[in-house]
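Residues per chain are reported as follows:
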Amino acid sequence: MTFTRLKTLSLLVCALLALSFPGYVSGAGNGKKGSQPVAPPEPEAVIEEVNAKQLEKLLADKDYVAVFWYARSCVTCDKVLAELEKIDDDTDSFGVDFVKINDKRLAKQYGIKNFPALTYFREKEPIIYDGDLMDEEGVLDFLTSLEAMDLPDRIEEVNAKILQKIIEDTDFVAVLFCPDHETCPPRVMDKQQCRKCAKALQELENIDDEADQLGIGFVKIHDEALADEYNLGNLPALVYYRHQTPIIYEGELQREEDVLEWLVQNKSTGDEDDVIEDVTSKTLSTLISNIDNLVVLFYDHGNDDSMTVLEELEQIDDDCDKHGIQFVKIDDAKAAADYGIDSIPAIVYFEKEIPNVYDGDLMDEEQILKWLLGQLERDEIEDVTDEMLDTMIKEGRVIAVLFYDNNDKKSQKVLEELENIDDECDALGITFVKIDNPEEAVEYGINKVPKLIYFEKGIPTIYEGNLEDEEKLLKWLTDQTSSDQIEDITDEMLDLIIEKMPHVAVLFYDKDQKKSQKILAELENIDDECDQNDIAFVKIDDDKEAKEWGIDEIPSIVLFERGIPHIYEGDLMKEDELLGWLVHQKRYSEIPEVTDEMKDKLVENTEHLAVIFYDKDDKQDMRILNELENIDDELEKEGIVIVRIDNAAEAKEYGLDHLPALIYFENKIPALYEGDLMNEDEVLEWLLVQKKTATIEEVTDEILVSLINEHEYVVVFFTGPCEPGETCEHTLNALESIDDELDEAGIIFVTTEDTGIAKKYNVKTYPRLVFFRNRDPLHFTGDLDDEDEVLAWITDDETLEIPGKIEEVNVKMLDKILAENDHVVVFFYAEGDKKAQKILNELENIDDECEEKDIDFVKTSDDDIDKEYDLPGLPALAFYRHKFRTIYTGDLMKEEEILEWVIDLHESTADVIESVDRKTLQVLINDVEHLAVFFYDDECESCSDILEELENIDDDTDKHGIQFVKSNDVKLAHEIGIFAFPALVYYETGVPIMYDGNLKNENRVLQWLVNQKNLGKRNSNRKAFNQDDECFYVGLGHDGHSAKRGNNFVPNDYKPFQCCPTKLEKSTKVPKMTAQRIGHSEGDQGKRPSGGNFQFAGQASSTSSTKPLATKKQTKPANNSDDDDEDDEDKPLVKVSYANKRSGGSNKPQAGKKPLAKGQANDDQSQEVEKASKQKSSKKSGKLNVKSGYLSVGVRQQFN
């Protein structure tokens, strides 16, 4: 028995040995000694299992860790894991630790909800892989890619193997070579090269994000052996790999801006295709911030003009590089609009972030290069647009802005003085710009120019001193830059900062209060840290402003996040805690607590607002609030602001007896949420439905009373107690279909189950519809299930009208009334104006008489109504006949005289050209297909005489379907490029064409208008530029200067030009255009100076000799009566050509040339033009000015 057991045991041991050492068994069968044992195979690569503590330690010790999350219940996890095991060794070789973990609670903390999943930790920063986990090669590419390793404002460290892969995979990579970690251990700076490397790394990390935006990767490597292979010499060293080709940076590594500029400049150097680089909007912003001299072409690749211009500009790209000017292009309409560019293509030159728009010929690349080089040498205060200024302010730059008027002598004098300190401002790091924009000035509380505002980190400070004393101003600016205090601001500035800046911390304080002074001294210590976190910090000593925000205790801190206030309730003496709170509020989204005053401001100014009314001492309320925090981010993405308020009294005002409660406000109109607040998904869905669809808002009695009192027209659907599935619900759903139409008409539509107000207004049966017109109720007695009948009844004039009363209307309703009614009297006034109320009492006496004459009489007091309707002041009374307005200039207290004036206008025949205000004109331009507008100036001496002549053809234009109006809105005229008066512009479907003939010859004007209309019909189906004989206006030219204000223009020195296309050089190009300045007739051209970029190639006249009109000033005849008719009839109209300045083109008549007879074609001239267009040098002769002035362009054939 013992032997058998021993034998069995021996056999078992032998079997085990045989299995363990197969090499010894192979020769057993032949009696020979087995061969030498082979090495045992390496164990299969296995991804190591870790627990939560081990993972925490691993993340603390290792820079790059890949974590595979799995669960026992996961069906596919094992299969995926088997695939990933194949790349475990590869990840090790790239320096990436790969582990797996089964811990659902920890996974949830890192945002993992489904299994399996993969998270990549780069220096503890996680990123979740969203690709196919079964594709192990894709996973490996992800873990070793530059994109996955990228960390904000940090240059990633790589090893040699990863570096090689990055260089192969990435077109542009900058690599900082540093000594080995053994030579320079972390935080040990005992060697000079270690200190230099640490310092260089610190500076270069400031441009890591910018390089990334420009498509340039940035990494570092501690590998002296690899550095020796490249013969880099002393470390640190920077090597730039472009398409795997290295170049070494020779400059100072601690000057990061120079490094970035070098990287950008060398990005395209050496490329086979030397083209202007395309950039994105984000990249453009980075370039503007970091490149001193940058040229940007805003273009549209689908536009022929753009592509032709681009082809020309490619020829000066190298020249720009030689002069240190970086040239890029961008195809992004929104980016163009952000910089105030409304016409594409366009060129903008940025010098130290200050933009300057090129307004010359975009096809003349030599002229562009000359202009750019001139910009390099020029030293003056730059003009900016309002969009450009807003961008500079948002970026937090240090700028001094002069608000001025180019036509104002004092502005010009101040500007001349301030040019003397422009260089000194540059030395102080202050960007000095100027802007001629009255609306932008008003935004900053500036009503009188010139005025200077200093901006630092977006915070404005107005200079109150004498602008003509540049030395004092310079000292003030110097003090501003050296001051390190929290800025003091006014209430107007506070409103502006809150509106324009995303994060603003405001200290409400009392400068005479000791507690305020003590706290202010502490808070000065964190001002710089706030700046570093992009939080503007300001202070305001204004008790009234504090009370407006509901702040009763001074001092107090409020953080405004995109206009939403967050009140700090901690100890203001503990500045570190305050700083932590500010940074936390900025980084993490939480529902802010507001006061009732803050809530009121938000309701007034926020389009979409959700307000949670709660009791912070109620545990259930706090639980609900915590749940709703989960949808805060989603609401922010959808543009819905959500706040909370702990104020039972305020809740009562909205009829909220039970808390918590949620009310959604859209354009001030509240809607009550009736669902379960604990279900945050349901709340989110309801809020999104409210925002995205037209719904009839549910309100309480208290909210309803407020709406009826505050709004002119309110429709209420009283449902009474209404259960799901009942008739009232079906009717309500049907009425939802007319909510949009009522909203467009300015009528509010709400519903309520409450019965208190219903009983007050004699509602006895439900459901019932009641229309409140200026608080006066009217019951609907028709069929509630017929929503079309309901809509027709509500919008009927008889329903809207209240007998014996002048109806109050809002802007939407007024626009509708003016559009639909022939005769309307409107009283414009400011709410609360006692004088206006007295006037209204008198006007009520004539309301019925106006009604008898079928004249609507309404009143309106909406905010800024005077600006909306371009009124000289309030109160004001206007009579509208077929949309055309006449303002009453008499005594508004004398209603009998007003009635007589209204009836006279109503009964008189409109045999004059109607005068229109700005708003009406804009409506007409949009709505009327054929419109003629006579622009005049009250100071123009000849305008009244010309207008009198044109009155003779008003009826004729009507017969031809052309509406004729006049406007003395000089500002509007300037906006479309008209600076000389009078002027006549014809609009066809909104496209303006300027008349260039003699305005005193009304017959010629009529003929021109009719021809424009007829040509419009013939050309409607043609593509622009298809016909050689089609000419068009390219706008208002100027003697070699910009047609835009602010570029040293002379207001009365503008001349219209006309262009005609010649033969196409290539089918793929925009036709080369020929142009000449169209002369005014002698009658109205006499005062116009000569010159300009365009010259006559040849001109026929009524005399035997040809006069070079472009260079010889027209003389005014002694008799300036309307004797130009005969001259006009005899003067032929010729096709025009472009005189070439550079090639010595002249405006003198050629020898032997005779004036053309009327109607005769200038064949010789046409042949010359066609020949020139085919020559190789044509690019340097006639040019297409594709970026013309303001008044651009319909295609029109010139008539004889």
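Residues numbered from 1 in each chain as written. Predicted model: local features only at pLDDT ≥ 70, side-chain atom pairs only at ≥ 80, totals over all residues. Heavy atoms only, no water.

K.L.:
Explain the overall build of the chain here, please?
P.N.:
Counting its regular elements, the chain contains 52 helices and 48 strands. Per-residue burial over the chain gives 50% buried out of 1200 residues. For the chain, the exposed area adds up to about 58600 Å²; of that, 45% sits on carbon and sulfur atoms. (Helix = DSSP H or I, 4+ residues; strand = E, 2+ residues; numbered from the N terminus. Buried < 20%, exposed > 50% of the residue type's maximum accessible area, 1.4 Å probe, protein only. Areas by Shrake-Rupley, 256 points an atom, 1.4 Å probe, with all protein chains shown as cover.)

K.L.:
So what exactly am I meant to see when it comes to the pattern of salt bridges here?
P.N.:
Proximity of charged atoms lets side chains of opposite charge pair with each other. This model, assessed by the stated rule, comprises 27 salt bridges. Between Glu-464 and Lys-451 there is a salt bridge, with its nearest N and O atoms 3.4 Å apart. With a gap of 13 residues between them, Glu-464 in the loop between strand E20 (459-462) and helix H23 (470-482) and Lys-451 in strand E19 (residues 451-456) connect regions that are remote in the sequence. You can call Glu-464 exposed: its relative accessible area is 60%. Relative accessible area serves as the criterion here: at 23%, Lys-451 is assigned to the partly exposed category. Measuring nitrogen to oxygen at the nearest pair gives 3.7 Å for the salt bridge that ties Asp-917 to Arg-885. (Salt bridge = Lys/Arg side-chain N within 4 Å of Asp/Glu carboxyl O.)

K.L.:
Just to check I follow, could you spell out the sheet that holds strand E34 (residues 776-779) for this structure?
P.N.:
Pairing between sheet strands relies on hydrogen bonds along the backbone, with the strands arranged either parallel or antiparallel. Judged by pairing direction, the sheet is mixed, and its five strands sit side by side in the order E30-E32-E31-E33-E34 without closing on themselves. Across the chains shown, the open sheet's two edge strands, defined by having one partner strand only, are strand E30 (697-698) and E34. Strand direction decides the pairing type here: strand E33 (residues 768-773) and E34, joined by four bridges, are antiparallel. Bridge pairing in E34 places Phe-772 opposite Pro-777. (Pairing = 2+ DSSP bridges.)

K.L.:
Please clarify how the packing of aromatic side chains should be interpreted in this entry.
P.N.:
We describe a pair of aromatic rings using the distance from one ring centre to the other and the angle between the two ring planes. All chains considered together, the criterion is met by 31 aromatic pairs. Residues Tyr-120 and Phe-142 carry aromatic rings whose centres are separated by 6.0 Å and whose planes lie at 65 degrees to one another, so their mutual orientation is edge-to-face. One end of the pair, Tyr-120, is in strand E4 (residues 117-122); the other, Phe-142, is in helix H7 (residues 136-143), with 22 residues separating them in the sequence. Of the two residues, Tyr-120 and Phe-142, both sit in the buried class. Each member of the aromatic cluster is reached from another via a ring pair, and the members are Tyr-64, Tyr-120, Tyr-129 and Phe-142. (Phe/Tyr/Trp six-rings, centres within 6.5 Å; stacked < 30°, edge-to-face > 60°.)

K.L.:
What should I look at first to understand the side chain of Asn-810 in this one?
P.N.:
Here Asn-810 shows up in the loop between strand E35 (807-808) and helix H40 (811-820). For Asn-810, a relative accessible area of 14% puts it in the buried group. Within the structure, the side chain of Asn-810 is placed 3.0 Å from the backbone oxygen of Gly-746, a separation counted as a polar contact. Excluding anything up to four places from it in sequence, Asn-810 contacts Glu-712, Ala-745, Gly-746, Thr-860 and Asp-862. (Polar contact = N/O pair within 3.5 Å; in protein donor to acceptor, adjacent residues only side chain to side chain. Contact = heavy atoms within 4.5 Å.)

K.L.:
Mind showing me how you'd approach helix H33 (residues 680-692) here?
P.N.:
An α-helix turns once every 3.6 residues. As a result, residues three or four positions apart point the same way. Helix length check: H33 (13 residues) gives 18 Å between terminal C-alpha atoms against 18 Å at 1.5 Å per residue, within 8%. Considered for burial, the residues of H33 that qualify are Glu-680, Val-683, Leu-684, Trp-686, Leu-687, Leu-688 and Gln-690. (Expected span 1.5 Å × (residues − 1).)

K.L.:
What is the right way to read the sheet that holds strand E5 (residues 125-128) from this model?
P.N.:
On the basis of which strands lie adjacent, the open sheet formed by five strands has the order E1-E3-E2-E4-E5 and mixed pairing. The open sheet has two edge strands with one neighbour each: strand E1 (48-49) and E5. Summarising the sheet, E4 and E5 pair through four bridges and their orientation is antiparallel. When the bridges of E5 are listed, Phe-121 appears paired with Pro-126. Each of strand E2 (64-69) and strand E3 (97-101) touches helix H4 (residues 77-84); the most contacted strand, E2, lies at about 150 degrees to it. Here H7 sits on the sheet in contact with E2, E3, E4 and E5, set at roughly 20 degrees to E4. (Axes fitted to C-alpha atoms, helices over the stretch in contact; angles between N-to-C directions.)

K.L.:
Could you clarify how one ought to interpret the state of the cysteines in this entry?
P.N.:
By the definition in use, this model includes five disulfides. Each sulfur of the disulfide joining Cys-74 and Cys-77 lies 2.1 Å from the other. Between Cys-74 and Cys-77, the disulfide has an S-S torsion of 100 degrees and is therefore right-handed. Between the sulfur atoms of Cys-940 and its disulfide mate Cys-943 the distance is 2.2 Å. Torsion about the S-S bond of the Cys-940 and Cys-943 cystine: about 95 degrees, corresponding to right-handed handedness. Looking at Cys-943, the relative accessible area reads 2%, which means it is buried. (Disulfide = S-S within 2.5 Å.)

K.L.:
Looking at this structure, how should I read a negative patch on the surface?
P.N.:
Together, Asp-796, Asp-797, Glu-798, Asp-822, Asp-848, Glu-849, Glu-851, Glu-852, Asp-854 and Glu-896 make up a negatively charged patch on the protein surface. Residue assignment for the negative patch shows that the elements contributing at least two residues are helix H39 (797-800) and helix H42 (847-852). Relative to the helices and strands, Glu-798 resides in helix H39. (Patch = residues over 30% accessible without salt bridge, like charges linked within 9 Å, V, L, I, M, F, W, Y side chains within 5 Å. Lys, Arg positive; Asp, Glu negative; His and termini not counted. Charge placed at Lys NZ, Arg CZ, Asp CG, Glu CD.)

K.L.:
Which parts of the structure should I look at to understand unusual backbone geometry?
P.N.:
Negative phi characterises most residues that are not glycine, and trans characterises most peptide bonds. A cis amide bond links Ile-554 with the next residue in sequence, Pro-555, at an omega value of 0 degrees. As for its placement among the helices and strands, Pro-555 is situated in the loop between helix H27 (543-548) and strand E24 (556-561). Of the consecutive residues Tyr-766 and Pro-767, the connecting peptide bond is found in the cis state with omega at -5 degrees. Along the chain, the position of Pro-767 falls in the loop between helix H37 (756-760) and E33. Of note, the phi angle at His-882 is positive, near 50 degrees, even though the residue is not glycine. Note that His-882 resides in the loop between strand E38 (876-881) and strand E39 (884-887). What makes His-882 partly exposed here is its relative accessible area of 43%. In the Ramachandran plot, Thr-989 falls in the positive-phi region, its phi being about 50 degrees despite a non-glycine side chain. Along the chain, Thr-989 turns up in the loop between strand E43 (983-988) and strand E44 (991-994). Taking relative accessible area as the criterion, Thr-989 reaches 55% and is therefore assigned exposed.

K.L.:
Would you take a moment to explain the pairing of strand E15 (residues 354-358) for this structure?
P.N.:
Of all five residues in E15, five are buried, a share of seventy percent or more. Of the two faces of E15, the one holding Ile-354, Asn-356 and Tyr-358 and the one holding Pro-355 and Val-357 are both buried throughout.

K.L.:
What's the story with the environment of His-658 in this structure? I'm lost.
P.N.:
Mapped onto the elements of the fold, His-658 is located in the loop between helix H32 (648-653) and strand E28 (661-666). It is 9.4 Å that separates the C-alpha atoms of His-658 and Phe-613, two residues lying 45 residues apart in sequence.

K.L.:
Help me out: how do you make sense of the nonpolar core in this one?
P.N.:
One finds Leu-284 and Phe-508 to be the most contacted residues of the largest nonpolar core, which totals 112 residues. Those residues within four positions of Phe-508 in sequence are excluded, and the remaining contacts are Leu-494, Ile-540, Glu-545, Ala-546, Trp-549, Ile-551, Ile-554, Pro-555, Ser-556 and Val-558. Phe-964, Val-965, Phe-981 and Tyr-995 belong to the second-largest nonpolar core, a separate cluster that totals 41 residues. (Core = buried A, V, L, I, M, F, W, Y, C linked by side-chain atoms within 4.5 Å.)

K.L.:
I would appreciate a short explanation of the pairing of strand E17 (residues 399-403) in the present structure.
P.N.:
Most of E17 is tucked away, with five of its five residues classed as buried. Of the two faces of E17, the one carrying Ile-399, Val-401 and Phe-403 and the one carrying Ala-400 and Leu-402 are both buried. By the bridge criterion, five bridges tie E17 to strand E18 (residues 431-435) in an arrangement that is parallel. Across the sheet, the residue bridging to Val-401 is Val-433, located in E18.

K.L.:
Please clarify how helix H25 (residues 514-523) should be interpreted in this entry.
P.N.:
Residues of H25 that are buried: Ser-516, Ile-519, Leu-520 and Leu-523. For H25, the buried positions fall inside an angular range of 105 degrees around the axis, keeping them on one side. Exposed residues lying more than 90 degrees from the buried face of H25 are Lys-514 and Lys-518. Structurally, H25 contributes buried residues whose contacts are with strand E22 (503-508), helix H26 (527-532), strand E23 (536-540), E24 and helix H28 (575-587). (Arc of directions from axis to C-beta.)

K.L.:
Quick question: what am I supposed to make of the environment of Thr-860 here?
P.N.:
Relative to the helices and strands, Thr-860 is located in strand E37 (residues 856-860). Here Thr-860 falls in the buried class, since its relative accessible area comes to 0%. Taking the C-alpha atoms as reference, Thr-860 lies 6.0 Å from Asn-810; in sequence the two are 50 residues apart. Discounting residues that sit within four places of it in the chain, Thr-860 has contacts with Glu-808, Val-809, Asn-810, Leu-814, Val-826, Phe-827, Phe-828, Tyr-829 and Ile-865. There is a polar contact of 3.0 Å between the side chain of Thr-860 and the backbone oxygen of Val-809.

K.L.:
Mind showing me how you'd approach the environment of Thr-461 here?
P.N.:
Mapped onto the secondary structure, Thr-461 falls in strand E20. For Thr-461, a relative accessible area of 15% translates into the label buried. Expressed as a C-alpha distance, the spacing of Thr-461 and Glu-487, which sit 26 residues apart in the sequence, is 8.2 Å. When sequence neighbours within four positions are dropped, the list of residues in contact with Thr-461 reads Leu-452, Ile-453, Tyr-454, Trp-476, Gln-480 and Glu-487.

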